[in-house]
Amino acid sequence: MKRFLLVAIIALTSIFKSVAEEGMLIPSLIKAFESDMQAMGMKLTAQEIYDVNNSSLKDAILHFGGGCTAELVSGEGLLLTNHHCGYSQIQSHSSLENDYLKYGFWAKDKKEEKVNPGLTASRVVRIQDVTKDALFGTEGLQGLEFSNKIQKNIATLVADAENGTHYTAKIKPFNYGNEYYMIVKETFLDVRLVGTPPNSIGKFGGDTDNWIWPRHTGDFSVFRVYSNTSNEPAEYSESNVPYKPLHFLPVSVKNRVPGEFTMVYGFPGKTEQHLSSGNLKFYMDQERPARIKMREKSLSVIDAGMRSSDAIRIKYASKQARIANAWKKWIGQIGGLKTVDAMQIKLDREKVYNNSARGQKDWAMKYGSVIDDMNALVEKYKDVEFGYSMAIEYLYVGPELFGRARAMNEFLSAYSTLEENGELEAAIEKQIRGAKGFFKNYDENIDKEIFRLLTEEYVNQIGDGPLPDILKENSAEELTEIIYSKSILTNEERFMKFMNKLNSKSLDKLKKKDQGFKVWSGANDTFFKEVIPDVRVYHAQMEELLKAYVAGRMEMFPDEKMWADANSTMRITYGKLEGSAPHDGMKYTEHTTIDGIIAKNNTGNPDYELLPRMRELAKDKNYGDYAQDGELWVCFTGSNHTTGGNSGSPVIDGEGNLMGLNFDRSWESTMSDFMFDASRCRNITVDVRYVLWVMDIYSGAKHLVDEMTLVK
Ligand code: ARG
Ligand code: GLU
């Protein structure tokens, strides 16, 4: 009887357990999950999701700008992605006169669509397991010999795949080199901006709500892919025509049913599920807190500036969003990892692994010490890794002076060659153009304050670690005053004057006397000479250990569901439409409505500012055909395992229709990059019915809705 009860309880809990499924699956292997997905309510077949010989869902999903995901939704190349994914394009077309950030933009016809130099969108043609061929002839080789052989194999495979096509092929290691896959892509080069809602919709909630549920952000923007007249990728040209996709997603305006199947198809960037306990501890206790602190300093300056003037608000909008995003995510990750006691979970898992490995001779040899080795390696190199992270924060996320210095340094290094080749004038022109673009989005006082605060903090954090003399010998205060009154890199007028009277003598003076340049070159040299070489060694050794560790997992625990960490390649993840209850005594519902937008606006927080039209439409309950039971849904959550890069990814229903655009995760679940927890892990999606409502009812761009195929 007792036994029967136990069995019944286990059966019941597995029925009622959250069906959140850990894992970011490789589309070409999706057949293995077909029956599980169908049991959860999916009506599609594996072949309809991914197929190489016939069109399939995959053909509607594009890698957008290399960092986000987008989906085709019409036969004329209409493309949806997040507002924050198109943000730098939207910002670059904006000015005080045409403030698209504030008021939005909608092209009335194709002629008004805006060209975005450099922006690409690529389609995956096929994904192929090439492990055997990539590893061919590497048995017994080690170190450099091993990697040289692999690189040679890869080069041949890539050349063969690309030969005679307009495709590009790339081979990437999966599971830390236990496997290799080739991804063949077709990259479109003419991607135009069609429309965007105002920030008060597309970025509604700003940083207050970023990473937070309940959420009310209409995080979408609209682009169109153009091709040449043979439907192939081409650089922008007036003669280009809208691309005709192999497949585009029908758009579901059906009622949503909590518990229904959802699938997210996209390009997740990076997860680190296999970090050792020592590594996790280092991140949680030291590395992330220090990075968070650095960013807090920049943000305090930028935020105050943006509140003080519209010009600064526009200049810094995109930069601010970039800095704040990871900052807030890290805070959420540490919080979540602490709440579930991730360290203890890791340690327990490591014990199980070690016990298993040490219980058998052959395994003991291969895997018995791998976890200890990983932890020892972290210990040995943690100052190096810390120095690396701090330098990234200082040199690449910190004061913009450094970006200018970097550009000038490249120019300096090329100077004599340019002069010899008679190309100097053109190069100067180019520098001036680049600098104009730079200073357009720059404010001297803001950068000055950031430089002062971050220099102080950087020196402080590095302590006895490697620092350039200039930072050891001068206070941040002194350097700041000199640099921001004298350096040519921090002031447009000084810079242009310098460029107009440029000669080899003045360049020499820049190198030797300009304190701004000297701080950069000092810190940069230290970084590349004293930090990077050690970091390379560290990362290479860690990769080796991770390779062995994962191989051990596969060999010793063959029944465990394994998935390869995200690596910016195309993946599928599935779950269901559901809320969560990550805090004691409260529960998150699975959807939000327009009423919540008004309620948040009523708080007076500037992140919830609206244009008057939203309040009017909400008051009249003017929901068009887009409501469900009298409510206009704005966002919903699902138990799909996603990460950065999944932004813009379609959330697809059981029939292959678009339900919404993934754009975020709840704060409580950002820890899933390191450890997945089915009860907390929720992705946040803007309902496509709200997207259609914003286009049609709010913005009067019904012609775009008419272009799509709506499924009722
Ligand atoms: N957190 C989301 C992601 O990681 C959205 C970021 C954009 N929004 C913002 N308020 N910064 O990209
Ligand atoms: N906003 C993220 C992105 O840009 C997605 C959120 C996440 O990290 O899950 O990809």
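The present account deals with the structure reproduced in this document. (Residues numbered from 1 in each chain as written. Chains lettered and ligands numbered in written order. Predicted model: local features only at pLDDT ≥ 70, side-chain atom pairs only at ≥ 80, totals over all residues. Heavy atoms only, no water.)

Re the packing of aromatic side chains
Each pair of aromatic rings is reported with the distance of its centres and the angle of its planes. If you walk through the whole model with that rule in mind, you get 28 aromatic pairs. Note on Y100 and F105: the rings are 4.8 Å apart at their centroids and 45° apart in plane angle, and the pair reads as tilted. In this pair, the class of Y100 matches that of F105, namely buried. Where Y388 meets F527, the ring centres are 5.8 Å apart and the plane angle is 25°; that geometry is what we call stacked. Here Y388 is found in helix α14 (residues 370-397), whereas its partner F527 is found in helix α22 (residues 515-556), with 139 residues between them in sequence. Overall, the relative accessible area of 24% leaves Y388 in the partly exposed class. (Phe/Tyr/Trp six-rings, centres within 6.5 Å; stacked < 30°, edge-to-face > 60°. Buried < 20%, exposed > 50% of the residue type's maximum accessible area, 1.4 Å probe, protein only. Helix = DSSP H or I, 4+ residues; strand = E, 2+ residues; numbered from the N terminus.)

Structural notes on the nonpolar core
Across soluble globular proteins, you tend to see nonpolar side chains buried next to one another. The biggest cluster of nonpolar side chains holds 124 residues, and the ones touching the most others in it are L79, Y394 and F411. Of all the elements, α22 adds the most residues to this core, at 16 residues. Residues within four places of Y394 in sequence aside, it is in contact with M294, P399, F402, F451, L454, T455, Y458, L471, V519 and A523. Grouped together as the second largest cluster of nonpolar side chains are 74 residues, L57, I61, V251 and F663 included. (Core = buried A, V, L, I, M, F, W, Y, C linked by side-chain atoms within 4.5 Å. Contact = heavy atoms within 4.5 Å.)

Some points on the state of the cysteines
Tallied over the full model, the rule gives one disulfide. Note that C68 is cross-linked by a disulfide to C85, the S-S spacing being 2.1 Å. Judged by the sign of its S-S torsion, about -80°, the bond between C68 and C85 is left-handed. On the criterion of sequence distance, the pair formed by C68 in strand β2 (residues 68-72) and C85 in the loop between β3 (78-81) and α4 (87-92) is long-range, its members being 17 residues apart. Classification of C85 by relative accessible area gives buried; the value is 11%. Free cysteine: C635, not disulfide-bonded; nearest cysteine sulfur from C85 at 14 Å. Here C681 stays unpaired: no disulfide links it, and the sulfur of C635, its closest cysteine neighbor, is 17 Å away. (Disulfide = S-S within 2.5 Å.)

Things to note about the site of ligand 2
Taken together, H84, W211, T642, T643, G644, G645, N646, S647, F663, D664 and R665 form the complete shell of residues around ligand 2. Measuring from an oxygen atom of ligand 2, one finds a backbone N or O atom of G645 at 2.5 Å. Taking F663, its main chain carries an N or O atom lying 2.9 Å from a nitrogen atom of ligand 2. Isolated, ligand 2 exposes 290 Å² of accessible area, and the fraction of that covered by the protein chains is 93%. Looking at the shell around ligand 2 residue by residue, the class counts come to two nonpolar, seven polar and two charged. (Near = heavy atom within 4 Å. Polar contact = N/O pair within 3.5 Å; in protein donor to acceptor, adjacent residues only side chain to side chain. Areas by Shrake-Rupley, 256 points an atom, 1.4 Å probe, with all protein chains shown as cover. Nonpolar A, V, L, I, M, F, W, Y, C, P; charged D, E, K, R; others polar.)

Description of the site of ligand 1
The environment of ligand 1 is formed by H84, K203, G206, D207, N210, W211, A321, N325, S647, F663 and D664. At 2.7 Å from a nitrogen atom of ligand 1 is found a side-chain nitrogen or oxygen belonging to N210. Bound to the protein, ligand 1 loses 89% of the 340 Å² it would expose on its own. Looking at the shell around ligand 1, the elements that each hand over two or more residues are α9 (206-209), α11 (310-339) and β17 (658-665).

Focus on the packing of helix α17 (residues 444-462) against helix α19 (residues 476-486)
Helix-helix packing is characterised by the crossing angle of the two axes and by the distance between the axes. It is at 9 Å that the axes of α17 and α19 come closest, and there the two elements cross at 155°. One way to sum up the angle between α17 and α19 is to call them roughly antiparallel. In this structure, α17 crosses over α19, and the sense of that crossing is right-handed. In this structure, α17 uses E444, D447, K448, F451, R452, T455 and E456 to contact α19, whose residues at the interface are A476, E477, L479, T480, E481, I483 and Y484. Looking at the contact of α17 with α19 residue by residue, the class counts come to five nonpolar, two polar and seven charged. (Axes fitted to C-alpha atoms, helices over the stretch in contact; angles between N-to-C directions. Parallel < 35°, antiparallel > 145°, perpendicular 65-115°, else oblique. Left-handed = near helix turned anticlockwise from the far one by under 90°.)

Here we look at the environment of L72
Position of L72 relative to the elements: it lies in strand β2. Residue L72 is classed as buried on the basis of its relative accessible area of 0%. For the pair L72 and V194, spaced 122 residues apart in sequence, the C-alpha to C-alpha distance is 13 Å. Beyond its immediate chain neighbours, meaning those up to four positions away, L72 contacts D59, A60, L62, G77, L78, L79, V225, Y243, P245, H247, F248 and L249.

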